[in-house]
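Structural features, examined
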Amino acid sequence: AQSVTQPDIHITVSEGASLELRCNYSYGATPYLFWYVQSPGQGLQLLLKYFSGDTLVQGIKGFEAEFKRSQSSFNLRKPSVHWSDAAEYFCAVGANNAGNMLTFGGGTRLMVKP
Amino acid sequence: KAGVTQTPRYLIKTRGQQVTLSCSPISGHRSVSWYQQTPGQGLQFLFEYFSETQRNKGNFPGRFSGRQFSNSRSEMNVSTLELGDSALYLCASSKGTSEADTQYFGPGTRLTVL
């Protein structure tokens, strides 16, 4: 079975600073990888996804993520954080022949200092 | 186009009661998945329905059940409620034709069991 680990429960960065959120997955084949963001009181919004091709994926709101098979990682990055990026971020993995079932990591709560 | 809608948004029930939650997917989407979100366990997959058939099921007791109608709307039911069932229940819809499909989440139903 697949699993996802997000090692950082909380991260605080200053506005304008760069950001990297870590995600490690466990899955035997090429995974389907997703990053979602959840603002307080809201559902999840997809930032980006990877399932094949170029290992550097561009998403919405200026986010990008890089799939590294050798490290089983799919870290999320943003060069300059805005106060509105404060939210909880979830990495998720899907699997072959598993329909649209996703396994989520525990999430990373991002706080942005002015 | 309209997003995923969930009703009701908030529910308060007492132990032993049962509850039914509803999810209306984006028009044209045939897959609906349900997730439970709690502070302790995070986001956990409950089940997925595609074209009125349960395609995947998570590791939850039989008290949790669901169904999907011919118009793709879905309901989930929890019988004999326990305190631990208090959670945010999220549904997500997608086309359902590929594991790489983007899933669109609704705002969730907040269930409180007293």
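Summary of the structure given here. Note that the structure is a prediction, hence the values are computed from the model and not measured. (Residues numbered from 1 in each chain as written. Chains lettered and ligands numbered in written order. Predicted model: local features only at pLDDT ≥ 70, side-chain atom pairs only at ≥ 80, totals over all residues. Heavy atoms only, no water.)

1. Quick word on the overall build of chain B
Heads up, the rule is: Secondary structure is summarised from DSSP: a helix means a run of H or I of at least four residues, a strand means a run of E of at least two, and numbering begins at the N terminus for each. Our radius of gyration is a C-alpha quantity, and the globule rule it is checked against amounts to 2.2 Å times the number of residues to the power 0.38. Throughout, exposure labels follow a simple rule: accessible area from a 1.4 Å probe, protein chains only, divided by the maximum for the residue type, with under 20% read as buried, over 50% as exposed, and the rest as partly exposed. Note on definitions: a residue-residue contact is assigned when non-hydrogen atoms from the two residues lie within 4.5 Å. Areas reported as accessible are Shrake-Rupley estimates using a 1.4 Å probe. Residue values count occlusion only from the protein chains shown. Counted as positive: Lys and Arg. Counted as negative: Asp and Glu, with His and the chain ends omitted from the count. Lys charges are placed at NZ, Arg charges at CZ, Asp charges at CG and Glu charges at CD.
Helix and strand counts for chain B stand at zero helices and 11 strands. Of the regular secondary structure in chain B, the N- to C-terminal order runs β-β-β-β-β-β-β-β-β-β-β. Its C-alpha atoms give chain B a radius of gyration of 13 Å, within 12% of the compact-globule value 13 Å for 114 residues. Projected onto its principal axes, the C-alpha coordinates of chain B cover approximately 40 × 25 × 25 Å. A burial count over chain B gives 53% of its 114 residues as buried. When contacts within chain B are restricted to residue pairs at least 6 apart in sequence, long-range pairs at least 24 apart make up 54% of them. Summed over its atoms, the accessible surface of chain B is roughly 5,300 Å², and 48% of this surface lies on carbon and sulfur atoms. Put simply, chain B has 12 plus and 7 minus side-chain charges, and the middle of one group is 6 Å from the middle of the other.

2. Some words on the layout of surface pockets
Where we set the bar: Throughout, the protein atoms alone are placed on a 1 Å grid, and a set of points is a cavity if a 1.4 Å probe fits but cannot get out or a pocket if it is open with protein on both sides within 12 Å along at least five of seven lines; lining residues have an atom within 4 Å of a point. Grid points are joined across faces, edges and corners, and a volume is the space filled by probe spheres set on the points. Throughout, the ten residues Ala, Val, Leu, Ile, Met, Phe, Trp, Tyr, Cys and Pro are labelled nonpolar, Asp, Glu, Lys and Arg are labelled charged, and all others, Gly among them, are labelled polar.
By volume, the largest pocket amounts to about 570 Å³. In terms of lining, the largest pocket is formed by 27 residues, of which the most central are Phe90 of chain A together with Gln37, Thr38, Gly42 and Leu43 of chain B. Looking at the lining of the largest pocket, its residues break down into 10 nonpolar, 14 polar and three charged.

3. Some remarks on the nonpolar core
As a reminder of what qualifies: For our purposes a nonpolar core is just a set of buried Ala, Val, Leu, Ile, Met, Phe, Trp, Tyr and Cys residues, chained together by side-chain atoms within 4.5 Å.
Judged by nonpolar contacts, the single largest core of 26 residues is most densely connected at Leu19, Trp35, Leu47, Leu48, Phe74, Leu76 and Tyr89 of chain A. Elements with a contribution of two residues or more to this core: β2 (10–14), β3 (19–21), β5 (32–38), β6 (44–50), β8 (64–68), β9 (73–78), β10 (87–94) and β12 (108–113) of chain A. The element that contributes the greatest number of residues to this core is β10 of chain A, accounting for four residues. Apart from residues lying up to four places away in sequence, phenylalanine 74 of chain A is in contact with Cys23, Leu33, Phe34, Trp35, Leu48, Lys49, Tyr50, Ala65, Glu66, Phe67 and Cys91 of chain A. In this structure, Leu11, Phe60, Leu81 and Ala87 of chain B belong to the second largest nonpolar core, which totals 21 residues.

4. Some points on the pattern of salt bridges
All names here are of chain B. Filter applied, for reference: In the sections that follow, a salt bridge refers to a side-chain nitrogen of Lys or Arg positioned within 4 Å of a carboxyl oxygen of Asp or Glu.
Per the counting criterion, the structure on display carries 10 salt bridges over all chains. With a closest N to O distance of 2.5 Å, glutamate 48 and arginine 55 form a salt bridge. A residue is classified by how much of its surface remains accessible, and arginine 55, at 31% relative accessible area, is partly exposed. Residue glutamate 82 is joined to arginine 63 by a salt bridge in which the shortest nitrogen-to-oxygen separation is 3.6 Å.

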